[in-house]
Amino acid sequence: MTDQSEDEIRERLKTALWFSIGKIVDEESMRRNRNATPQFIGALVDMVWSQIENVVIDLESFSRHANRTTVTTDDVLLLARRNQDLHSIVKDIVDKEKTRKLRAKAKGKGRA
């Protein structure tokens, strides 16, 4: 992958983020009868983008520390450890997904 294509991908992702955040801000602005300037949306996009970059660095570091090349749900839980509410929400989702997969696997074995 060339630097040019990585830059293009980064720009496409940032544009998609701008679109999504702009849509959310517009919906909330309409609901609350308020206005948001394009500068506000731009600042919010830059802040969220920066946060995403920090999260990526942390997740990659946790994965590398565990001698893995893939980020797992354990890394995400580790990242969320300082925010108890977020940690609880993520843990509930992870636990439900693990339970669903175990049930599906058990159901598949029952057919054999």
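Everything here concerns the structure above.
The present account deals with the structure reproduced in this document. In this text, all values refer to a predicted model and were calculated from it rather than measured experimentally.

So, how was this worked out
Residues numbered from 1 in each chain as written. Predicted model: local features only at pLDDT ≥ 70, side-chain atom pairs only at ≥ 80, totals over all residues. Heavy atoms only, no water. Helix = DSSP H or I, 4+ residues; strand = E, 2+ residues; numbered from the N terminus. Rg over C-alpha atoms; globule rule 2.2 N^0.38 Å. Buried < 20%, exposed > 50% of the residue type's maximum accessible area, 1.4 Å probe, protein only. Contact = heavy atoms within 4.5 Å. Areas by Shrake-Rupley, 256 points an atom, 1.4 Å probe, with all protein chains shown as cover. Lys, Arg positive; Asp, Glu negative; His and termini not counted. Charge placed at Lys NZ, Arg CZ, Asp CG, Glu CD. Polar contact = N/O pair within 3.5 Å; in protein donor to acceptor, adjacent residues only side chain to side chain. Salt bridge = Lys/Arg side-chain N within 4 Å of Asp/Glu carboxyl O.

## Details of the overall build of the protein chain
The helix and strand inventory of the protein chain stands at 4 helices and 0 strands. Mapped in sequence order, the helices and strands of the protein chain form the string α-α-α-α. Relative to its length of 112 residues, the protein chain is extended, with a C-alpha radius of gyration of 19 Å against a globular reference of 13 Å. Projected onto its principal axes, the C-alpha coordinates of the protein chain cover approximately 60 × 40 × 30 Å. Counting across all 112 residues of the protein chain, residues that qualify as buried make up 16%. Across the protein chain, contacts joining residues at least 24 apart in sequence account for 29% of those joining residues at least 6 apart. Summing over all exposed atoms, the protein chain offers an accessible surface of approximately 9,500 Å²; the carbon and sulfur share of this is 56%. Between the averaged position of the 21 positive side-chain charges in the protein chain and that of its 18 negative side-chain charges there is a distance of 11 Å.

## What to know about the side chain of Ser63
Residue placement: Ser63 occurs in helix H2 (residues 38-65). Reaching out from Ser63, the side chain makes a polar contact with the backbone oxygen of Thr70 at a distance of 3.0 Å. Ignoring sequence-local partners within four residues, the contact set of Ser63 consists of Arg68, Thr69, Thr70, Val71 and Asp75.

## Things to note about the side chain of Ser29
Relative to the assigned elements, Ser29 resides in helix H1 (residues 3-32). Exposure remark for Ser29: the relative accessible area of 13% places this residue in the buried category. Not counting residues within four places of it along the chain, the set of residues in contact with Ser29 comprises Arg34, Asn35 and Ala36.

## Considerations on the pattern of salt bridges
Opposite charge on two side chains allows them to pair when their charged atoms are near. Per the stated rule, a full pass over the model turns up 7 salt bridges. For the salt bridge of Glu28 with Arg31, the shortest nitrogen-to-oxygen distance reads 2.8 Å. With a gap of 3 residues between them, Glu28 and Arg31 both fall in helix H1, about one helical turn apart. You can call Glu28 partly exposed: its relative accessible area is 31%. According to the relative accessible area criterion, Arg31 is exposed, its value standing at 58%. Between Asp75 and Arg68 there is a salt bridge, with the nearest N and O atoms lying 2.8 Å from each other.

So far we have only geometry, and geometry alone does not tell us how the molecule works.
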